Structures are given as C-alpha cells and as structure tokens.
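# Overview (structure and organization)
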Amino acid sequence: MHTYPDAQAVIRALRPDEPVILNRPHAAARAARFFVEKFPGKSLYAVKANPSPDLLQILWDNGVTHYDVASIAEVRLVRQTLPGATLCFMHPVKAPGAIREAYHQHGVRTFSLDSVEELEKIVDACRDDAGEPASDLRLCIRLRVSSEHAALSLASKFGCDLTEAPLLLQQTRQHCDWLGVCFHVGSQAMSPFAYVQALDRVRAAIADASVVIDMIDVGGGFPSVYPGMEPAPLEDYFKIIHQHFYALPIAYNAELWCEPGRALCAEYSSLVVKVEKRRGDELYINDGAYGALFDAAHVDWKFPVRALEDDLIKPDADFAFYGPTCDDADYMPGPFPLPEDIQAGDYFEIGMIGAYGAAMKTDFNGFGAAERIVVTDEPMASLYDGSRARPAADNVVSLR
C-alpha cells in the first residue's frame, strides 16, 4: 500500500471520484501505548468501534492484549487476527449458540450478563459433553448507571437495577470462578465525575450482596476530541477512577479494567470527500449518512473539516451536507465551517471518523466504495500529542 504524507498529497496524486479513508497507524499506536502505560489496570479494546484487522494488529503490537467482543462474528474475527488475544464477550444478551461456540471453540471464558435468564443461558451453554458445568467461568454483572455526563446515552438498554444487583451477584457467584461488576457511563463522557457516580452505585451493590468481587470494569465512555466537545485530559479520568476503585469493598487482589473504543481509534481515520454540487449553503458530497458519516446525520455529531484546495481564499462559512444516496435522510445539518468559495469539484477532509464512522459504512444505493490509504501526518485533533496536559497544580476534578 502506498503511503502519502497527508490528504492534500492524496488528492493531488489521485483526484478520486470515490471517498477515501485515510488511516494513521501511528495515531492508533500512540493511543494504545497511552492506555497501556497510564491506565491503572487492564485496557480491553471495544472492537465494535472499529473492527479493522489492520487496526486490531496495531493495537496488539502496542500492548493491548484483551478485546471486548460483542458478537460471535467479532469473536471469530479477533481470534483469527490475533490468536493469542484474550477475548471477553461483554454483550449482556447473547444467543446460546454464540456462547457455546465462544467458550468451546475460541477459548472465551469471560462473559457479561444482567439477568438470571442470561446466567442460566451461559451456564448451560458452557457445559462439557458429560453435562457437567464449567468450573472456569469469569462472569461480570452489568450494572445500569447514569449517562448524564455523556454525549450519547447507554443507560436504557442494558444493565440491572441497583435493587436487582445484590441477588444477581449472589446467584452468579455460585457459578463462576471469578466475579466482576461492569458498567458503561455512555459514549463520549465529558466529565470524569461520570465514573465517580457509577462507582458509588457499584459500592452500594457490592455492600448489599456481601460477596467477593474479583474485578471492576469501568467500561467505555472515554472521550476523544471533536468541535464543541473538548474533554479534560484522560489522566484526570484515570486518577479519579483509581482513587475510587481502591475505596471499594472488593478482594485485595481485585483487578481494574476498562473498555476504550472511541478513545483508541477515533484518531486513526479521516475521510476525504468530493463536492458534487453546491446549492446555497448545502454541499452535495460523495459520502454521507449511509456511509462513514452516520453519526453526523443521526446524532448530530460535529466532526472537524478542512478544505484541501489551494485556491480557496474566502473566509469560512457554515455548510450542511447531503450524501450521495437518493434518500432525503442522507443529510448532515452541521454546521460545518468551510471556505465560502468552495464549489463542485473541490475536496475536503473530515477528521476523527476512526470510531464508528469507518465501521458503519454501508453499500446502500451502491455508494459503499472507499479506498483506504495510509498517511503520516497528525490527526486533526488529538488527546495524545501532549497539548492537553494540565499544569501540575491543577485539581483533578471538582466533585461539588
């Protein structure tokens, strides 16, 4: 694969008619090393954020050994790509056949659940040929917590209530060798305090259950940087999680886990698109809601943009985008600031689409093609370039 220095070099060389995904392996490697070296526990990559085999290999090469898989397809993919990886099946509702295959064929031992029904399903699916239950299960109870500090809520679909958790913990303890509690504060958590609130709920559940806990998994939610969403340094998140983890009533050798997805891969990719038509302050482009810009259309996500043409000289104006399909829903309201004189035939780059964007691209209406090219410049924003470090005297976070 040919490597280019940046997006401008790509369009000068190729003048592509289809969108192009630009991958930055060095950015993903840097993010992986950051979590491996600075998070005070074990980091599991949330594969759903971007299941690219190339990305999986980069993360592995830079110290990420555990992977949060949410489907049997992800189990197969990661096992094939990384034979030595530890896979953790963290979707709380799984098909019996998926559990059975994951356990018996792919060596998965860690499963999450949020109900007695799921517990029974896991226990039954993992029995041996003689019908004996597995003795090496590592089970994690998913607790429902608030998503009030997150840009995208994950508080309604999964997780047992605090009133249900103690009994479920007691029942699960009888069927596993190793018991954990996990939660998810929502995607793009903009305050470290989100984890304080969640860990307070964990404390209450454990105290009521009076069982030995071997692991606390604070899940995902670790943010990246987007226009209008600039979080505190990740070290602030790590420090406050560490402090509250050690105050929990858990085993002396209990492990601390996290499941970053967006924070590990957002900076990995950007997207080069071409303007096919301009209508006032609306640009018709060759990718959109059914491609890598799903979030821009459906959850009003703001991505950074920059023009790639040398002859655009006017100040920025705000634009909305239409994607290439025939569907009116293929619309991204923005606003996205680009030079006021941008026209059909011009190219621009959309940054930070490595998380979910590249993974959610479809072939709807025949518009799914996108070449992938490696570039060596820096992503359009970064949490890992040293620019977001706080002065040493600053407080980590205010709790009042």
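Computed from a prediction, not measured in an experiment: that's the story for all the values here.

### Describing the packing of helix H8 (residues 193-209) against helix H9 (residues 234-245)
Axis separation between H8 and H9 bottoms out at 9 Å; the angle between their running directions is 15 degrees. Comparing their axes, H9 and H8 come out roughly parallel. Between H8 and H9 the crossing geometry is right-handed. Of H9, the residues touching H8 (which contributes Tyr195, Val196, Leu199 and Asp200) are Tyr237, Ile240, Ile241, His244 and Phe245. Tallied by class, the residues present in the contact of H8 with H9 amount to 7 nonpolar, 1 polar and 1 charged.

### Some remarks on the side chain of Ser270
Looking at the element boundaries, Ser270 is found in strand S13 (residues 269-279). Under the relative-accessibility criterion, Ser270 is labelled buried at 2%. Within polar-contact distance, the side chain of Ser270 engages the side chain of Glu349 at 2.6 Å. Those residues in contact with Ser270 that sit more than four places away from it in its chain are Val20, Ile21, Leu22, Arg24, Glu349, Ile350, Gly351, Met352 and Ile353.

### Things to note about empty space enclosed by the protein
Within the structure shown, the criterion is met by 1 cavity of 30 Å³ or more. Considered as a void within the structure, the largest cavity measures approximately 50 Å³ in volume. Every residue lining the largest cavity is listed: Asp287, Gly288, Ala289, Tyr290, Gly291, Pro324, Thr325, Asp330, Thr362, Asp363, Phe364 and Phe367. Among the residues making up the lining of the largest cavity, the classes are represented as 5 nonpolar, 4 polar and 3 charged.

### Notes on the packing of aromatic side chains
Working definition: an aromatic ring pair is given by the centre-to-centre distance plus the angle between the planes. One pass over the structure, following the stated rule, counts 22 aromatic pairs. When the ring of Phe34 is compared with that of Tyr384, the centres are 4.9 Å apart and the planes differ by 65 degrees; the resulting orientation is edge-to-face. Highlighted residues: Phe34 in helix H2 (residues 25-38) and Tyr384 in the segment after strand S19 (371-375), separated in sequence by 350 residues. Residue class for Tyr384 comes out buried when judged on its relative accessible area of 9%. Centre to centre, the rings of Phe245 and Tyr246 are 5.3 Å apart; their planes meet at 70 degrees, and the pair counts as edge-to-face. Here Phe245 falls in the buried class, since its relative accessible area comes to 5%. Through successive ring pairs, a cluster of aromatic residues spans Phe34, Phe35, Phe39, Tyr195, Phe222, Tyr237, Phe238 and Tyr384. Positioned above the aromatic ring of Phe89 is the side chain of Lys94, whose terminal nitrogen or guanidinium carbon lies 5.8 Å from the ring centre. Directly above the aromatic system of Tyr284 lies the positively charged group of Lys277, at a separation of 5.0 Å from the ring centroid.

### A word on the sheet that holds strand S4 (residues 66-69)
Backbone-to-backbone hydrogen bonds pair the strands of a sheet. The strands run either parallel or antiparallel. The 8 strands lie next to each other as S3-S4-S5-S6-S7-S9-S11-S12, forming a closed barrel whose pairing is parallel. Taking each pair of neighbouring strands and ignoring which way they run, the sheet shows an average axis angle of 25 degrees. Direction of pairing for strand S9 (residues 178-182) relative to strand S11 (residues 215-217): parallel, over a ladder of 3 bridges. Bridging across to S11, Gly180 finds its partner in Met215. Each of strand S6 (110-113), strand S7 (138-142) and S9 touches helix H7 (residues 165-173); the most contacted strand, S9, lies at about 155 degrees to it.

### Overview of the confidence of the model for the chain
Regions with low pLDDT should not have their predicted coordinates read in detail. Residues with a pLDDT of 70 or more make up 96% of the chain, whose mean pLDDT is 91. The low-confidence segment residues 391-400, where pLDDT is below 50, has 9 contacts with residues more than four positions distant or belonging to other chains.

### A look at the environment of Ala296
Along the chain, the position of Ala296 falls in helix H11 (residues 294-298). With near-sequence residues (within four places) excluded, Ala296 lies in contact with Trp301, Phe303, Met332, Pro333 and Phe336.

Criteria and thresholds
- Residues numbered from 1 in each chain as written.
- Predicted model: local features only at pLDDT ≥ 70, side-chain atom pairs only at ≥ 80, totals over all residues.
- Heavy atoms only, no water.
- Axes fitted to C-alpha atoms, helices over the stretch in contact; angles between N-to-C directions.
- Helix = DSSP H or I, 4+ residues; strand = E, 2+ residues; numbered from the N terminus.
- Parallel < 35°, antiparallel > 145°, perpendicular 65-115°, else oblique.
- Left-handed = near helix turned anticlockwise from the far one by under 90°.
- Contact = heavy atoms within 4.5 Å.
- Nonpolar A, V, L, I, M, F, W, Y, C, P; charged D, E, K, R; others polar.
- Buried < 20%, exposed > 50% of the residue type's maximum accessible area, 1.4 Å probe, protein only.
- Polar contact = N/O pair within 3.5 Å; in protein donor to acceptor, adjacent residues only side chain to side chain.
- 1 Å grid on protein atoms, 1.4 Å probe; cavity = no way out; pocket = protein on both sides within 12 Å on 5 of 7 lines; lining within 4 Å.
- Points joined across faces, edges and corners; volume = space filled by probe spheres on them.
- Phe/Tyr/Trp six-rings, centres within 6.5 Å; stacked < 30°, edge-to-face > 60°.
- Lys NZ or Arg CZ within 6 Å of the ring centre and 35° of its normal.
- Pairing = 2+ DSSP bridges.
- pLDDT = per-residue confidence, 0-100.

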